[in-house]
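# Per-entry structural report
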Amino acid sequence: MARILFNSVVKRYGKDKQVVVKDFNLSVEDKEFIVFVGPSGCGKSTTLRMIAGLEEITEGEIFINDQRVNDLPPKDRDIAMVFQNYALYPNMSNFENIAFGLRLRKLPKSDIETAVKRAARVLEIDNLLHRKPRQLSGGQRQRVALGRAIVREPQVFLMDEPLSNLDAKLRVQMRTEIIKLQKQLGITTIYVTHDQTEAMTMGDRIVVMNDGIIQQVDVPEVIYNSPANRFVASFVGSPPMNFIDGKLVGRDEKLYFETRRFSLLLQRGKWSPFLERYMDRRITLGIRSENLSVEPIMFQAYPDAMIKGVHKLNELMGADRYLYVNVGLDQDVIVRVNPRYNYKVDEQIEFVVDMNKILFFDPDTGVRIGSNDS
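Residues numbered from 1 in each chain as written. Predicted model: local features only at pLDDT ≥ 70, side-chain atom pairs only at ≥ 80, totals over all residues. Heavy atoms only, no water.

Counting residues in each nonpolar core, the largest one holds 46 residues, and the members touching the most others are Ile178 and Tyr191. The next biggest cluster of nonpolar side chains, apart from the first, holds 35 residues, and it includes Phe257, Leu285, Tyr302 and Phe360. (Core = buried A, V, L, I, M, F, W, Y, C linked by side-chain atoms within 4.5 Å. Buried < 20%, exposed > 50% of the residue type's maximum accessible area, 1.4 Å probe, protein only.)

As structure tokens, then:
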């Protein structure tokens with residue numbers, strides 16, 4: 001069993017006491033794979049290092065299996081950490097690198113050999129144990145680093161951007177293998193990344209951080225479809241969510257979202273409990289690119305939700321094409337379409353909004369209207 005509890009954890013640095021992690025509260029369940037994601041400098045790696053004991057905790061408490069570890073040395077926390085740069089000893093063979101921690105424990109030679117070979121089989125590096133790290137590819141080195149963590153049989157795995165040095169194809173392969181490995185071993189794992197695709201595909205739950213503060217904690221589907229605020233909505237998802245500023249207007253007993261260039265008919269019954277206080281006030285509409293369409297069938301479904309614009313740029317992304325469309329606002333709207341739709345620059349186009357997928361955000365606080373925080 002390995003449950004980790006953060007209780008109002010704070011980290012400050014330097015003479016000016018700059019806060020890099022603020023009031024961090026979280027419970028990580030046994031065998032859970034949880035991902036910390038956020039932009040560079042948001043405090044995610046610092047939080048990971050506080051768990052490992054590599055950074056002191058300024059305020060608050062961290063518990064592992066109900067044991068307070070604030071003052072516990074790193075070697076006594078029963079944690080294995082995998083770093084971005086592999087941290088392998090270049091003068092040692094891969095066998096010696098994997099076995100290093102076990103030798104420090106003074107385990108019998110036969111036990112060490114059995115453990116290393118078992119980990120190597122799991123990671124499919126049996127035939128590489130006699131080589132040195134410099135003779136391996138980046139993916140193979142990362143497997144050796146994982147093997148060194150596995151043989152210790154720790155309570156907790158901590159992974160700090162372990163795939164960031166790999167090429168795109170290898171990252172996809174390795175993240176799949178890490179997921180399989182974690183499920184097979186059943187070890188509680190905290191994984192740090194700035195790559196929201198890694199977060200969405202790997203985590204049982206995702207912790208989105210910004211400026212040292214937790215923005216939202218939930219399963220990937222909820223993070224994507226029901227972001228707590230505008231930061232989460234824009235950070236998670238590729239391309240980022242479209243945001244359009246406008247206001248709510250009641251007309252002929254109907255509710256509309258209006259800008260200077262277009263209006264969209266809303267379903268009053270669905271939205272009015274949350275939106276009533278925004279009537280005739282500024283509000284921000286959020287919509288993901290895949291929920292904007294140029295397909296004829298969607299125009300039939302939402303005849304009062306059409307927007308006209310000018311096509312400025314498109315990107316072919318293989319299975320999709322991204323259209324950048326200016327709708328008379330400061331920011332272009334990105335529409336994800338089938339690649340067969342290709343428009344000329346400055347061509348007038350029309351698209352429709354899936355009104356079942358729109359979200360609203362407070363323009364001042366950024367909080368999603370209708371979320372638990374609003």
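Right, let's talk about helix H1 (residues 44-52) for a bit. Summarising burial for H1: 7 of the 9 residues are buried, a large majority. Those residues of H1 lying buried are Lys44, Thr46, Thr47, Leu48, Met50, Ile51 and Ala52. Within two residues after H1, Gly53 carries a phi angle of roughly 90°, on the positive side. (Helix = DSSP H or I, 4+ residues; strand = E, 2+ residues; numbered from the N terminus.)

What follows covers the side chain of Arg368. Following the sequence through the fold, Arg368 ends up in the segment after strand E20 (359-361). Looking at Arg368, its side chain comes within polar contact range of the main-chain oxygen of Pro227, at 2.6 Å. (Polar contact = N/O pair within 3.5 Å; in protein donor to acceptor, adjacent residues only side chain to side chain.)

The next subject is the pattern of salt bridges. Summed over all chains, the structure comprises 16 salt bridges. Put simply, Glu61 and Arg68 hold a salt bridge, and the shortest N to O gap is 3.0 Å. Classification of Glu61 as partly exposed rests on a relative accessible area of 25%. Note that Glu258 is salt-bridged to Arg251, the shortest N-O span being 2.4 Å. (Salt bridge = Lys/Arg side-chain N within 4 Å of Asp/Glu carboxyl O.)

As a further point, take the sheet that holds E20. Pairing is antiparallel across the open sheet formed by 5 strands, whose spatial order is E13-E12-E11-E14-E20. Two strands lie at the open edges of the sheet, namely strand E13 (263-266) and E20, each paired on one side alone. If you compare each strand with its neighbour and ignore which way they point, the axes differ by 40° on average. Sheet topology note: the strand E11 (residues 242-251)/strand E12 (residues 254-258) ladder contains 5 bridges and is antiparallel. Its bridge partner lying in E12, Arg251 is registered against Lys254. (Pairing = 2+ DSSP bridges. Axes fitted to C-alpha atoms, helices over the stretch in contact; angles between N-to-C directions.)

Mapped onto the elements of the fold, Ile223 is located in helix H7 (residues 220-225). Between the C-alpha atom of Ile223 and that of Asn94, which follows or precedes it by 129 residues, the distance is 39 Å. Leave out the neighbours within four places in its chain, and Ile223 touches Ile206, Val208, Gln216, Val217, Asp218, Val232 and Val236. (Contact = heavy atoms within 4.5 Å.)

Estimates place the volume of the largest pocket at around 590 Å³. Broken down by secondary-structure element, the contributors of at least two residues to the lining of the largest pocket are strand E6 (79-82), helix H2 (94-104) and helix H4 (138-150). Residues of the lining of the largest pocket, tallied by class, amount to 13 nonpolar, 1 polar and 5 charged. (1 Å grid on protein atoms, 1.4 Å probe; cavity = no way out; pocket = protein on both sides within 12 Å on 5 of 7 lines; lining within 4 Å. Points joined across faces, edges and corners; volume = space filled by probe spheres on them. Nonpolar A, V, L, I, M, F, W, Y, C, P; charged D, E, K, R; others polar.)

On to the confidence of the model for the protein chain. Taken as a whole, the protein chain shows an average pLDDT of 91; of its residues, 97% reach a score of 70 or greater. By mean pLDDT, the top-scoring element of the protein chain is strand E10 (residues 213-218) (98), and the lowest-scoring one is helix H9 (residues 268-275) (68). (pLDDT = per-residue confidence, 0-100.)

Cis geometry marks the peptide bond from Ser238 to Pro239; its omega dihedral reads 0°. Along the chain, Pro239 turns up in the loop between helix H8 (230-235) and E11. Non-glycine residue Lys31 carries a positive phi angle of around 70°. Note that Lys31 resides in the loop between strand E2 (18-28) and strand E3 (33-37). Its identity as a non-glycine residue notwithstanding, Asp66 has a phi of 70°, on the positive side. Mapping Asp66 onto the fold places it in the loop between strand E4 (59-64) and strand E5 (67-68).

Turning our attention to the environment of Arg260. Summarising the element assignment, Arg260 is placed in the loop between E12 and E13. Considered as a pair, Arg260 and Gly14 are 246 residues apart in the sequence and their alpha carbons are 49 Å apart.

On to the sheet that holds strand E1 (residues 4-13). Working definition: the strands of a sheet are paired by backbone hydrogen bonds and lie parallel or antiparallel to each other. Reading across the sheet, the 4 strands line up as E2-E1-E4-E5 and stay open at both edges, with antiparallel pairing between neighbours. Both edges of this open sheet fall to E2 and E5, since each of them pairs with a single strand only. Strand direction decides the pairing type here: E4 and E5, joined by 2 bridges, are antiparallel. Bridge pairing in E5 links Ile64 to Gln67. Contacts between H1 and the sheet are confined to E1, E2 and E4, with E1 contributing the most and set at about 115° to the helix.

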